[in-house]
Amino acid sequence: MYKAQASNCCEDGQMTINLASLTPDRVVASIHELTPALLLAEGIQAIITDLDNTLVPWRSYDIPPRLTDWLRGLEAAGIRICIASNTHFPKRLHAVANTLSLPYVADVKKPEIEGLQRCMAVMGSNVSNTAMFGDQLFTDILAGNRLGVRTILLRPGLSNYEFITTKMMRNVETLVIWRQKQLGQWPQMDGPQLRSPQIATAVPHED
Ligand SMILES: [Mg+2]
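This is a predicted model, so every value here is computed, not measured.

(A) Region of the structure containing the confidence of the model for the chain. In this model, the chain carries an average pLDDT of 85, and 83% of its residues clear a pLDDT of 70 or more. Across residues 7-11, where pLDDT falls below 50, the model places nine contacts with residues more than four positions away in sequence or in other chains.

Shown next as structure tokens:
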């Protein structure tokens, strides 16, 4: 139960983005929608997760009260988790990951996929049983689709505080989502998987 791996490159070495490569397989409004039963039913045994505005608010050391319960529930079900973050603050990433007892890969430069592959190696997972989870289309979802894993978007993210370039990209995200909804290609909040991504590209990475 997995999708075809997205193409990373074209003949001339230039990468392109299409709407499918920016479209998640699932959209959730809360991590708590991702129950162990749901994930296992979809064959997901490992999650690569973003950090900022996905697990914790941007630049925060605070652990949301229900986050640890959610993580322990996944752990009890045998679902592995690894943080893949673009953050430029590795000390905070290290501290939060340690508090949560989670492995992590720092400075992954999503949508590049090497950091995600390192997470899969840490978890002993593969593209068929792994999902990428995050709050941004142009980093988290694009990277996951390029890698060929299932992609889950948290929308909205945990807070409105974001890096300035992230705020700018939110406007582009809105256009992508609007167009995909017009085309009937945007997943329902609890909808089925939709498609296999075609082509993806590198864009400037951000926190
Ligand atoms: Mg994020």
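(B) Layout of the environment of I79. Structurally, the position occupied by I79 is in the loop between α2 (65-76) and β3 (80-84). Once residues within four sequence positions are removed from consideration, I79 is found in contact with P36, L39, Q45, A46, I47 and L74.

(C) Spatial organisation of the pairing of strand β5 (residues 130-134). Within β5, five of the five residues are buried, leaving the element largely enclosed by the surrounding structure. What you see with β5 is no split at all: T130, M132 and G134 on one side and A131 and F133 on the other are buried throughout. Bridge count between strand β2 (residues 46-49) and β5: four bridges; the pairing is parallel. Pairing of I47 across the sheet is with A131, part of β5. Of the strand pairs in this sheet, β5 and strand β6 (residues 150-154) are connected by four bridges, and their pairing is parallel. By the bridge assignment, F133 is partnered in β6 with I152. The β-α-β motif built from β5, the intervening helix α5 (residues 137-147) and the parallel element β6 has right-handed crossover chirality.

Reading the values: the criteria
Residues numbered from 1 in each chain as written. Predicted model: local features only at pLDDT ≥ 70, side-chain atom pairs only at ≥ 80, totals over all residues. pLDDT = per-residue confidence, 0-100. Contact = placed C-beta atoms within 7 Å. Helix = DSSP H or I, 4+ residues; strand = E, 2+ residues; numbered from the N terminus. Buried ≥ 20, exposed ≤ 12 C-beta atoms within 10 Å, placed from the backbone. Pairing = 2+ DSSP bridges. Right-handed = clockwise from strand over helix to strand, strands pointing away.

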